[in-house]
Amino acid sequence: MTYQVLARRLRPQRFADVVGQEHVTRTLQAAITASRVAHAFLFAGPRGVGKTTTARILAKALNCERGPAPEPCNACSTCQEVADGIAFDVLEIDGASHTQVEKMRDLMETVAHRPIKSRFKIYIIDEVHMLSSHSFNALLKTLEEPPPHAKFILATTDPHKVLPTVLSRCQRYDLRRIDLATLIAELGSAVAREKITLSDEVVALIAREAEGSLRDAQSLLEQVLAAVDGPADAATVRAILGAADRALVVAVADAIVAGDAGACLRHLATLHEHGYDAQRFCRDLLEHVRHLAVLAATGDRSLLAELPEAEIAALVAQAGRRSGDELQRIFGLLLEGDETLAAPARTIDPQLVLEMIVLRVATLPPLLPVDEILALTGVAPASAPGRAPGGQAPPSPPRATPAPQARRGEAPGRSAAPDPAGTLWERVLAQVRRERVSLYMTLATARPVDLTDSILRLGIDSEALRRELTGKETLARLAAIASEAAGRPLRVEVGPVPPERAGDTPIAQARRREEETLADPLVQAAVEIFGAEVRGVRDRRP
């Protein structure tokens, strides 16, 4: 008898057997029970999580001789034919082989034919995103109004490549990646069913390499079982799967946290000797640094409960040696490196790229707290002068409210009177914003320069914006809004900003804020320290 691999032998035959997709199976069962089954479904999700398997179970449940039922009986001839892939009324089609529009048209012509022996004629189109746009268009009309005996089940790993017009005609179900704990439990059951012995460490290693795919986990387990005769240790399994030793990941991370570039290179040389994939190792490092950032931010070990205890202990020790901000910087640089390693046009040896990525993060200068920066510059922090007994800061004295700055031409110390033009202009802007956002964005650069009994004059620096606002309809609408806000008829005029009001424009205000920021002693000190760091880096270059 022909040998059948684990992934096929262990394929679920009932909704209850589908792993990690309860949110999908429960909904489908409820729809069958209520006789509210749609004519088209789209199952989306990563590889190996049960899209095609769920489609076949749905086909069995709909065509079961004892159904339609929430669970197929798996005993009738129809259920067995669907399971064996020989059912006349369940057509499973590969989207990649039907990219030609003629093939799809021929297939759609068969939809009108009634099923031979079953209740429904069901079309399962796998990897539907591989269809060409013309093939999608040939499918559209039938997908929108199929005959009562036809059902369509589409499956894809890339739903964003499916035409929106197709998506809108389907009920979409997103299947999730399977979590690590569930994968470990499923692999443990498979190992027990096969009557073989594998340690918990080996099972966890296989589950981690599967990256959330049950089919990948079963295929990797099959690979291990084919390569070893009897119990296998973790080192042997890593060599079979080409997976990096977790101890090596921890060691490189430890050298990065310690800033030991030499140790990083020595560990990476070991990685290269064993032939591990550079990009996969970089992603393992990313995951490790993510765990460090979680511990640094929360201190909660339970968030990493799925990891081995020895690895959690190493993570706890490393997390206390770097701040959360520094770990975020390291993660960002490793992420950039991963994108470089994944570039399709890359021709450089990936080992060299990985070494330079790790060297860069291992030699990052530490981030200094603000208090230390102030201490280096001799500027005392704001909370430094004096503390109350018990370590609490004394209450701050009430600050004097600064007098409003006088306009150009006004006497200093004289309080400015309320500006009626400015008050009216705020009401006008609010109404314009409710009516036309695009016009509001243009008027945001304008300033009211004069208000008389019958005229509101606006000033704008930009000549192009002035031309945009001087249209007859625009001025008429502005006049109507201004008249309603003022309670009297007003005409709106637009012109340049007078020289005496030039300091009120947004550009002038932004320049003043920039000058005030650069004049701040703390900012000047920070700029000076940054300049010294840059000069030091330049001096250290060979």
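Above this text you will find the structure in question.
What counts as what
- Residues numbered from 1 in each chain as written.
- Predicted model: local features only at pLDDT ≥ 70, side-chain atom pairs only at ≥ 80, totals over all residues.
- Heavy atoms only, no water.
- Buried < 20%, exposed > 50% of the residue type's maximum accessible area, 1.4 Å probe, protein only.
- Helix = DSSP H or I, 4+ residues; strand = E, 2+ residues; numbered from the N terminus.
- Pairing = 2+ DSSP bridges.
- Axes fitted to C-alpha atoms, helices over the stretch in contact; angles between N-to-C directions.
- Contact = heavy atoms within 4.5 Å.
- Right-handed = clockwise from strand over helix to strand, strands pointing away.
- Parallel < 35°, antiparallel > 145°, perpendicular 65-115°, else oblique.
- Left-handed = near helix turned anticlockwise from the far one by under 90°.
- Core = buried A, V, L, I, M, F, W, Y, C linked by side-chain atoms within 4.5 Å.
- Salt bridge = Lys/Arg side-chain N within 4 Å of Asp/Glu carboxyl O.
- Expected span 1.5 Å × (residues − 1).
- Phe/Tyr/Trp six-rings, centres within 6.5 Å; stacked < 30°, edge-to-face > 60°.
- Lys NZ or Arg CZ within 6 Å of the ring centre and 35° of its normal.
- Nonpolar A, V, L, I, M, F, W, Y, C, P; charged D, E, K, R; others polar.
- Lys, Arg positive; Asp, Glu negative; His and termini not counted.
- Polar contact = N/O pair within 3.5 Å; in protein donor to acceptor, adjacent residues only side chain to side chain.

Caption draft 1: Quick peek at unusual backbone geometry. Phi angles above zero are rare outside glycine, and S35 is one such case at about 55°. For S35, a relative accessible area of 65% gives the class exposed. A positive phi angle, near 60°, is found at N74, a position not held by glycine. Of note, N74 is situated in the loop between helix 3 (51-63) and helix 4 (77-84).

Caption draft 2: Quick peek at the sheet that holds strand 7 (residues 455-459). If you trace the three strands from one edge of the open sheet to the other, you get 6-7-8, paired in mixed fashion. Only two strands of the sheet have a single neighbouring strand rather than two, namely strand 6 (447-451) and strand 8 (491-495). Across the sheet, the axes of successive neighbouring strands diverge by a mean angle of 30°, strand direction being ignored. Two strands pair when backbone bridges link them, and strand 7 and strand 8 are joined in this way by five bridges, in the parallel orientation. Across the sheet, L456 pairs through a bridge with V492, a residue of strand 8. Contacts from helix 22 (residues 472-486) reach strand 7 and strand 8, with the element oriented near 125° to strand 8.

Caption draft 3: Here's a closer look at the pairing of strand 3 (residues 121-126). Counting buried residues along strand 3, six of its six residues qualify, which places the element largely inside the surrounding structure. Here strand 3 shows no split at all, with K121, Y123 and I125 on one side and I122, I124 and D126 on the other all buried. Where strand 2 (residues 90-94) lies against strand 3, five bridges are found, and the strand directions are parallel. Its bridge partner being in strand 3, E92 is matched across the sheet by I124. Sheet analysis places strand 3 next to strand 4 (residues 150-156), joined by five bridges and oriented parallel. Note on strand 4: the bridge partner recorded for K121 is A150. Each parallel crossover has a hand, and for strand 3 linked through helix 6 (residues 133-144) to strand 4 it is right-handed.

Caption draft 4: Representation of the sheet that holds strand 1 (residues 40-44). Here five strands make up an open sheet; going across it, the order is 2-3-4-1-5 and the pairing parallel. Of all strands in the sheet, those bounded by a partner on one side alone are strand 2 and strand 5 (171-174). The sheet shows a mean angle of 15° between the axes of neighbouring strands, direction not considered. Here helix 2 (residues 22-33) sits on the sheet and contacts strand 1 and strand 5; the angle it forms with strand 5, its principal contact strand, is near 150°.

Caption draft 5: Region of the structure containing the packing of helix 3 against helix 4. Two elements in contact, helix 3 and helix 4, have axes whose closest approach is 9 Å; the angle formed by their N-to-C orientations is 160°. As far as their axial angle goes, helix 4 and helix 3 are roughly antiparallel. Here the hand of the crossing between helix 3 and helix 4 comes out right-handed. Listed contacts from helix 4 to R56, A59, K60 and N63 of helix 3 are T78, C79, V82 and A83.

Caption draft 6: Representation of the nonpolar core in the model. If you look at the biggest cluster of nonpolar residues, it comprises 28 residues, and the most contacted ones within it are I256, F281, L285, L334, L354 and V358. Excluding residues within four positions of it along the chain, L354 makes contact with L268, L271, A278, F281, C282 and L341. Counting 25 residues, the second-largest nonpolar core is a separate cluster that includes V19, A217, L220 and A232.

Caption draft 7: Local environment of the pattern of salt bridges. This model, assessed by the stated rule, comprises 13 salt bridges. Residues E81 and K117 are paired through a salt bridge, measuring 3.6 Å at the closest nitrogen-oxygen approach. With E81 in helix 4 and K117 in the loop between helix 5 (101-109) and strand 3, this residue pair connects regions lying 36 residues apart in the sequence.

Caption draft 8: Representation of helix 12 (residues 246-258) in the model. In this model, helix 12 (13 residues) spans 18 Å end to end at C-alpha, consistent with the 18 Å of a helix rising 1.5 Å per residue. Those residues of helix 12 that fall on the buried side of the exposure criterion are R246, L248, V249, V250, V252, A253, A255, I256 and V257. Two residues or fewer after helix 12 comes G259, characterised by a positive phi angle close to 75°.

Caption draft 9: How the structure looks around the environment of L58. Relative to the assigned elements, L58 resides in helix 3. Take L58: its relative accessible area is 1%, and that puts it in the buried class. With 14 residues separating them in the primary sequence, L58 and P72 have C-alpha atoms 8.3 Å apart. Setting aside residues no more than four positions away along its own chain, L58 makes contact with F15, L28, I32, F41, F43 and I153.

Caption draft 10: Expanded view of the packing of aromatic side chains. For the structure on display, the rule yields four aromatic pairs. In textbook terms, an aromatic cluster arises when at least three aromatic residues are bridged by ring pairs, as seen for F41, F43 and Y173. Stacked on the ring of F120, the Lys or Arg K151 has its end atom at 5.0 Å from the ring centre.

Caption draft 11: Broad picture of the packing of helix 12 against helix 14 (residues 278-298). Contact pair helix 12 / helix 14: the axes reach a minimum separation of 10 Å and the direction vectors enclose 65°. Seen along the crossing, helix 12 lies across helix 14 with a hand that is right-handed. Each of R246, L248, V249, V250, V252, A253, I256 and V257 in helix 12 lies in contact with helix 14, whose residues at this interface are F281, D284, L285, E287, H288 and L292. Looking at side-chain class alone, the contact of helix 12 with helix 14 contains 10 nonpolar, one polar and three charged residues.

Caption draft 12: Spotlight on the side chain of D126. Looking at where D126 falls in the secondary structure, it is placed in strand 3. At 6.2 Å, K51 is the nearest oppositely charged side chain to D126, a buried residue that forms no salt bridge. A distance of 3.4 Å separates the side chain of D126 from the side chain of T52, its partner in a polar contact. Apart from residues lying up to four places away in sequence, D126 is in contact with T52, I93, D94, G95 and A155.

Caption draft 13: Summary view of the environment of D453. Counting through the fold element by element, D453 comes out in the loop between strand 6 and strand 7. A relative accessible area of 66% places D453 in the exposed class. Separated by 33 residues in the primary sequence, D453 and A486 place their C-alpha atoms 9.8 Å from one another.

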